[in-house]
Amino acid sequence: MTVTAASSSLPMPQSDALVEISHVEKYFGDFHALKDIDLSISRGEVVVIIGPSGSGKSTLCRTINRLETIQSGEIRVDGVPLPAEGQELARLRADVGMVFQSFNLFAHMSILENVTLGPIKVRGMKKAEAEKLAMELLDRVGIAHQAQKFPAQLSGGQQQRVAIARSLAMKPKVMLFDEPTSALDPEMINEVLDVMVQLAKEGMTMVVVTHEMGFARKAANRVVFMADGEIVETGDPESFFTNPQSARAQDFLSKILTH
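Analysis parameters
Residues numbered from 1 in each chain as written. Predicted model: local features only at pLDDT ≥ 70, side-chain atom pairs only at ≥ 80, totals over all residues. Heavy atoms only, no water. Helix = DSSP H or I, 4+ residues; strand = E, 2+ residues; numbered from the N terminus. Polar contact = N/O pair within 3.5 Å; in protein donor to acceptor, adjacent residues only side chain to side chain. Pairing = 2+ DSSP bridges. UniProt positions renumbered as here; feature names shortened; annotations may be inferred. Salt bridge = Lys/Arg side-chain N within 4 Å of Asp/Glu carboxyl O. Buried < 20%, exposed > 50% of the residue type's maximum accessible area, 1.4 Å probe, protein only. Axes fitted to C-alpha atoms, helices over the stretch in contact; angles between N-to-C directions. Parallel < 35°, antiparallel > 145°, perpendicular 65-115°, else oblique. Left-handed = near helix turned anticlockwise from the far one by under 90°. Contact = heavy atoms within 4.5 Å. Nonpolar A, V, L, I, M, F, W, Y, C, P; charged D, E, K, R; others polar.

Some words on the side chain of E45
Alright, step 1. Looking at where E45 falls in the secondary structure, it is placed in the loop between β2 (31–42) and β3 (46–50).
Alright, step 2. In terms of polar contacts, E45 uses its side chain to reach the backbone amide nitrogen of S42, at 2.9 Å.

Shown next, in the form of structure tokens:
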């Protein structure tokens, strides 16, 4: 499936890497969480990372904005190596949006205030401009009418859509999603996935860790299958789901697709 930017009818560029991960190693004590990871993600590409629990999917996702540090190797975002700390790291995180399993909204702030906080504090945007942008984004994710409510007044699916709008408000270069539907009730999952599918169609560069195979089939340009801290197999969704090459992927799919 080719995803194109909303402003262009050209196919997705294949060589313009936005995220480059080279020979990355990560340990938690004696546990080898990531083993010699190499992965390049192009602008406008949607990469979905799947695999069994404990395979390193979320850890890999979290290294891209340095929520997890690495022991060796290199990660570059838009050609720049990840900074260690300080203002440069804060700037990187403004360019790399992240949506977590838990929504991480500020309970004492309205939905509108949650979405405008980053653009005002980090980007230096004027309040009126930030509110205009926030309302546009809340409309885009289908909850503009909830702008004056507080997080506790919204369903889990609505809160996750607010979290997506909040990340988009920073105008990120790439969006990371770490199992964004895993904390949701089944009936709320699709409303979040629908927003993500639309982002993919609009050309947002996305790295998505998920157990939702339907989303991977529908929205991914590329599926990355991980097991035991390694990238075992990569491929386009059609090839991966219909004809996985590795025994490990075949076993994983046979279990997950029969449930």
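Now that the structure has been shown, we can carry on.
As for the sheet that holds strand β5 (residues 80–81)
Alright, step 1. Strand order in the open sheet made by the 4 strands is β2-β1-β4-β5, with antiparallel pairing throughout. Each edge of the open sheet is held by one strand with a lone partner, namely β2 and β5.
Alright, step 2. Bridging between strand β1 (residues 17–28) and strand β4 (residues 72–77) involves 5 bridges; their strand directions are antiparallel. Its bridge partner lying in β4, E25 is registered against S72.

Here's the deal with the UniProt feature "domain: ABC transporter" (unreviewed entry) in the protein
Alright, step 1. In the UniProt entry, the feature "domain: ABC transporter" (unreviewed entry) is given for residues 19–253.
Alright, step 2. The straight-line gap between the two end C-alpha atoms of residues 19–253 is 27 Å; of that span, 39% is helix and 26% is strand.

Considerations on the pattern of salt bridges
Any two side chains of opposite charge can pair if their charged atoms end up close together.
Alright, step 1. On inspection of all chains with the given rule, the structure shows 13 salt bridges.
Alright, step 2. For R43, the salt bridge identified is with D16, shortest N-O distance 2.7 Å. Of this pair, R43 sits in the loop between β2 and β3 while D16 is found in the segment before β1, placing the two residues 27 residues apart along the sequence.
Alright, step 3. Two residues, E202 and R140, come together in a salt bridge whose shortest N-O distance is 2.3 Å. Of this pair, E202 sits in the loop between α6 (186–201) and β8 (206–209) while R140 sits in helix α4 (residues 127–140); the two residues are 62 residues apart in sequence, bridging distant segments of the chain.
Alright, step 4. Classification of E202 as partly exposed rests on a relative accessible area of 26%.
Alright, step 5. Each of the salt bridges in this network shares a partner with another, and the network as a whole consists of D16, R43, D78, D95, R123 and K173.

Quick look at the packing of α4 against helix α5 (residues 156–168)
Alright, step 1. At their nearest, the axes of α4 and α5 sit 9 Å apart, and the two run at 135° to each other. One element, α4, and the other, α5, form an angle in the oblique class. For the pair α4 and α5, the crossing hand works out as right-handed. Taking contact as the criterion, the partners of L137, L138 and R140 in α4 are, on α5, V162, A165 and L168.
Alright, step 2. Of the residues that constitute the contact of α4 with α5, the class distribution is 5 nonpolar, no polar and 1 charged.

A few points about the sheet that holds β3
Alright, step 1. Strands sit in the order β6-β7-β8-β3-β9-β10 across an open sheet of 6 strands; the sheet is mixed. Among the strands making up the open sheet, the edge pair consists of β6 (96–99) and β10 (230–235). Ignoring which end each strand starts from, the neighbouring axes of this sheet average 20° apart.
Alright, step 2. Of the strand pairs in this sheet, β3 and β8 are connected by 4 bridges, and their pairing is parallel. Each bridged residue has a counterpart across the sheet, and for I49 the counterpart in β8 is V209.
Alright, step 3. Set on the sheet, helix α2 (residues 86–95) makes contact with β6 and β7 (174–178); between it and β6 the angle comes to about 65°.

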